[in-house]
Amino acid sequence: MYHVASRCSLTSLTSLTSLIRPPFSFRHMQQPMQHANLHRECSGDSPRSKRVKSLGEDAGDNDRAGDRETAGSVQRTMTATSASASARPGRRPEAPPPQLLSVAPMMDYTDVHYRQLARLMSRNTWLYTEMVVDQTILHNPDHDRFLAFPPEQHPISCQLGGSNPETLAKAARIVARYGYDEINLNCGCPSDRVAGAGCFGAAMMLTPELVAACCKAMEDAVAEGPIENGNGANGANGANVANRANGASASSCRPPEITVKCRIGVDDEDSYDAMHRFVSVVSENSGVRHFIIHARKCLLNGLSPHQNRTVPPLRYEWLLALKRDFPHLKFSLNGGVLTLDEAVASMEADPRGARNDSVAPTNDNDDENLRDIYGVMIGRAAYNQPWHVLSAADTDVFGAETNPARNRKEVLYAYASYADAQIGSQCVKPDGHKVPSLRVVTKPILGMFSNEPRGKKWRAAIDRELRVCETLTEVLDKTLGVLPEDVLMREPQAGAVVREGSAWGRLVPSLGRTLPAVGSGDAAGTVPGAGNADG
C-alpha cells in the first residue's frame, strides 16, 4: 500500500479547504512560485488497496450542514488564511506520491481551472498542464498566464514543446522557479499545430539524439537553480526572496525531474528496433528515467489528431518488452484506457508469463521496478467524465484510506468557491468582458454528470443560466435541482470490473504472446487492434 503524505476527514465540506486554499488570482501572483523541500518517493506493497467502508458510514452521526452553507464556510476560511498561504506560493509537498495515475496534457482542456476541479476529487493523481511552447515562455513576459498555479495542485507536471536545446533550457529554468514537480518534453503530439509547423511533438521521435540533447540541456538548466535575471513582473529576484522567506536554501531544493511523453512510432519509423533505439539513446545521453508512452504509432500526414488517437492499433505489449530490455527505467501507459477500473487492472495484471525466457526477469528487490507498467495516464476520459475517473483514485490506486470528496454536490460547490474568485481576476476589458469569464470557469464541470440520468438537461439548464447569472454558485443554485438527489449525493464507486469489449479487456489475453525483440521485425502498424479514443 502506498502511504500518502496527508489524508482528509470527510465529515463536512470544510474538509476540502486544504485543497482549495485562498482564492487564487493571477493578479495576486506578485512572486513566482518556488522550490521547496526534497522529493521523497513513496514506498509500499501494492498499487491498489482494499477500499474502506462507505464514506457515509465513516461520517457517522456528524452534523452535515447544507452544502450551500458549508461552501460559504469554505470561502470564509479561505479568505481568512489568504495572507499566510500567499507567502508560500507553489511550495512543493515533501513526499509527492509515485506517478501511478496521471491526467494527460491536453491543449484547450487541462488548464488551471480543470486541474483545480480534478484536485478536489483526487489528492494524489498527477496533473499535467497544457503543452507550453518554449518560445511562448521566452517571448511573453506574462509568465503567470501560462505557468502560475495554486499550490494545492501538486503533484503537477509542466509539459514543454520545442526542439531547440538552448531555448528549451531557458524555458525550463523559468518553469522550474514556479515549483513544478516535473517538466515533461512533448514527443508525442501529432497535431499539425505542433509536428508540422513547429517541427516538434511526435516529429521529435525521428531524431532521438536531438531529444537527448534537449533533455540534457533542460536538466543542466534546472540544476543551476532559478535564473538570476528574469523578464517582466516575475523576475528571479522575487523567487529568491520567496525562497529565503520560507527558509529554503539551494541545497534543500531539488530540481524538477525531466521526463518524456512519446508514441511507439512515427510514420514508417514504426519498428520495435526504432522504438528501442529511441529509448536507448535518450536514456543513455540524458537523465531521463521515466517515459510515458502512448501505445500507438502516429501518422504526421494523412490522419487528423483525433484519428491518430483511434485508428492506429494499440500495442501494449511493447511497453512490457521495453521494461524487459530496460529494467532500470519506468514506463507509463497511455492510450485506450478509459476508466479507473481499467487503469487499476493494467497495473495489477501479471504479465510475467509473457516474458522471453532468454531474458533475465526484472530485479524484484527493487520496489520501484516491481511493476512492468509503472503507471497509467488517462486523457479525454478524465476530462469528459472526471467524477467517474478520479473520484475513487486515491483509495483504488494509491492506497489511501479515504477519498477527498463524498459526492459531486460537495465538489461542485467547493469548486464554485474557487471559480467565483477567478472571474475577472486577470483583467476586465473596456467593454466589461471579464477574463476569465464565467463561461470559461464553468467549462470543466460540464462532464460531471456525463451518462447520468438528466445530465443532458442539467447541461442545457447551465447554458441558459450562464446568460443571466454572475457567479458559478448562482448557476449551481438554479440548476442542480434538475438532477435526481441520489445522483447528486452518490459516493465514489469501487470496483475493478473492466468494461466488456474495452481495449484493455481485449488485449490483456494477448500479453501472453511472445514479446517483440530487437531484430524481430515487429512493427507498430502490422497487427489489427482496438481503436478506443484517448488523450
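From a predicted model like this one, the values you see are computed outputs, not experimental measurements.

Caption draft 1: Seen up close, the overall build of the chain. Per the secondary structure count, the chain includes 24 helices and 13 strands. Considering the chain as a whole, with its 535 residues, one finds that 58% of them fall into the buried category. Counting only contacts in the chain whose residues sit at least 6 apart along the sequence, the fraction spanning at least 24 positions is 82%.

Caption draft 2: Broad picture of the packing of helix α12 (residues 272–284) against helix α14 (residues 317–325). The N-to-C vectors of α12 and α14 enclose an angle of 50 degrees; their axes lie 11 Å apart at closest approach. Here α12 is positioned oblique relative to α14, judged by the angle of their axes. In the packing of α12 onto α14, the handedness of the crossing is right-handed. Contacts between α12 and α14 involve Tyr-272, Met-275, His-276 and Val-279 from the first element and Trp-318, Ala-321, Leu-322, Arg-324 and Asp-325 from the second. Here the contact of α12 with α14 is built from residues that sort into 6 nonpolar, 1 polar and 2 charged.

Caption draft 3: Region of interest: the environment of Val-266. Along the polypeptide, Val-266 turns up in strand β7 (residues 265–266). Linking Val-266 and Arg-296, residues 30 residues apart in sequence, is a C-alpha distance of 9.1 Å. Setting aside anything within four residues of it in sequence, one finds Val-266 in contact with Ala-202, Met-205, Leu-206, Cys-298 and Leu-300.

Caption draft 4: A look at the packing of helix α8 (residues 165–176) against helix α10 (residues 208–223). Interhelical geometry of α8 versus α10 gives an angle of 40 degrees and a closest axis separation of 8 Å. Judged by the sense of rotation from one axis to the other, the crossing of α8 with α10 is right-handed. Facing Pro-165, Leu-168, Ala-169, Ala-172, Arg-173 and Ala-176 of α8, the residues of α10 in contact are Leu-210, Ala-213, Cys-214, Ala-217, Met-218, Ala-221 and Val-222.

Caption draft 5: Representation of helix α5 (residues 112–121) in the model. The buried fraction of α5 is high, at 10 of 10 residues. When we look at burial in α5, the residues that qualify are Val-112, His-113, Tyr-114, Arg-115, Gln-116, Leu-117, Ala-118, Arg-119, Leu-120 and Met-121.

Caption draft 6: Representation of helix α21 (residues 455–465) within the structure. Those residues of α21 that fall on the buried side of the exposure criterion are Gly-455, Trp-458, Ala-461, Ile-462 and Glu-465. Looking down the long axis of α21, one finds its buried residues gathered within 115 degrees of arc, a one-sided arrangement. Contacts made by the buried residues of α21 are with α19 (408–422), α20 (438–442) and α22 (472–479).

Caption draft 7: Spatial organisation of the pairing of strand β10 (residues 330–334). The element β10 is extensively covered by neighbouring structure, given that 5 of its 5 residues are classed as buried. Side-chain alternation along β10 places Lys-330, Ser-332 and Asn-334 on one buried face and Phe-331 and Leu-333 on a second face that is also buried. Sheet topology note: the strand β8 (residues 290–294)/β10 ladder contains 5 bridges and is parallel. Residue pairing in the sheet places His-294 in a bridge with Asn-334 of β10.

Caption draft 8: Region of the structure containing the pattern of salt bridges. By the definition in use, this model includes 14 salt bridges. Glu-410 is the partner of Arg-406 in a salt bridge, and the nearest nitrogen-oxygen pair spans 2.0 Å. Taken individually, Arg-406 and Glu-410 each receive the classification buried, so the pair is uniform in this respect. For Arg-439, the salt bridge goes to Asp-463, with nearest N and O atoms at 3.3 Å. Of the two residues, Arg-439 is situated in helix α20 and Asp-463 in helix α21; the sequence distance between them amounts to 24 residues.

Caption draft 9: Fine view of the environment of Gly-424. With respect to the secondary-structure elements, Gly-424 resides in the loop between α19 and β12 (427–428). Here the alpha-carbon distance between Gly-424 and Val-435, two residues 11 residues apart in the chain, equals 4.5 Å.

Caption draft 10: The arrangement of unusual backbone geometry in detail. Across the junction of His-154 and Pro-155, the peptide omega takes the value -5 degrees, indicating a cis bond. Each neighbour pair has its own omega, and for Val-435 with Pro-436 the value is -5 degrees, a cis peptide bond. Topologically, Pro-436 is positioned in the loop between β13 (434–435) and α20. Residue Asp-267 is not a glycine yet carries a positive backbone phi of 50 degrees. Among the structural elements, Asp-267 can be located in the loop between β7 and α12. Here Asp-267 falls in the partly exposed class, since its relative accessible area comes to 24%. The phi torsion at Arg-454 lies on the positive side, around 65 degrees, for a residue other than glycine.

Caption draft 11: Geometry of the layout of surface pockets. Quantified by volume, the largest pocket comes out at close to 650 Å³. What lines the largest pocket is a set of 26 residues, among which Asp-111, Val-112, Glu-130, Arg-145 and Phe-146 lie closest to the centre. Listing elements by their share of the lining of the largest pocket, those giving two or more residues are α5, β3 (132–133) and α7 (144–147). The class makeup of the residues in the lining of the largest pocket is 14 nonpolar, 5 polar and 7 charged.

Caption draft 12: Representation of the confidence of the model for the chain within the structure. Mean pLDDT for the chain: 76, with 65% of residues reaching 70 or above. Here residues 27–65 is a poorly scored stretch, pLDDT under 50, and it has 130 contacts once near neighbours within four places are set aside; other chains count. In the predicted structure, residues 351–370 sits below a pLDDT of 50 and forms 30 contacts with residues beyond four places in sequence or in another chain.

Caption draft 13: The packing of aromatic side chains, seen in detail. In total, this model carries 7 aromatic pairs according to the counting rule given. Residues Tyr-114 and Tyr-383 carry aromatic rings whose centres are separated by 5.1 Å and whose planes lie at 35 degrees to one another, so their mutual orientation is tilted. Separated by 269 residues along the polypeptide, Tyr-114 in helix α5 and Tyr-383 in helix α16 (residues 380–384) bring together distant segments of the chain. Owing to a relative accessible area of 1%, Tyr-114 belongs among the buried residues under this scheme. Look at Tyr-383 and you get buried, because its relative accessible area is 8%.

So, how was this worked out
Residues numbered from 1 in each chain as written. Predicted model: local features only at pLDDT ≥ 70, side-chain atom pairs only at ≥ 80, totals over all residues. Heavy atoms only, no water. Helix = DSSP H or I, 4+ residues; strand = E, 2+ residues; numbered from the N terminus. Buried < 20%, exposed > 50% of the residue type's maximum accessible area, 1.4 Å probe, protein only. Contact = heavy atoms within 4.5 Å. Axes fitted to C-alpha atoms, helices over the stretch in contact; angles between N-to-C directions. Parallel < 35°, antiparallel > 145°, perpendicular 65-115°, else oblique. Left-handed = near helix turned anticlockwise from the far one by under 90°. Nonpolar A, V, L, I, M, F, W, Y, C, P; charged D, E, K, R; others polar. Arc of directions from axis to C-beta. Pairing = 2+ DSSP bridges. Salt bridge = Lys/Arg side-chain N within 4 Å of Asp/Glu carboxyl O. 1 Å grid on protein atoms, 1.4 Å probe; cavity = no way out; pocket = protein on both sides within 12 Å on 5 of 7 lines; lining within 4 Å. Points joined across faces, edges and corners; volume = space filled by probe spheres on them. pLDDT = per-residue confidence, 0-100. Phe/Tyr/Trp six-rings, centres within 6.5 Å; stacked < 30°, edge-to-face > 60°.

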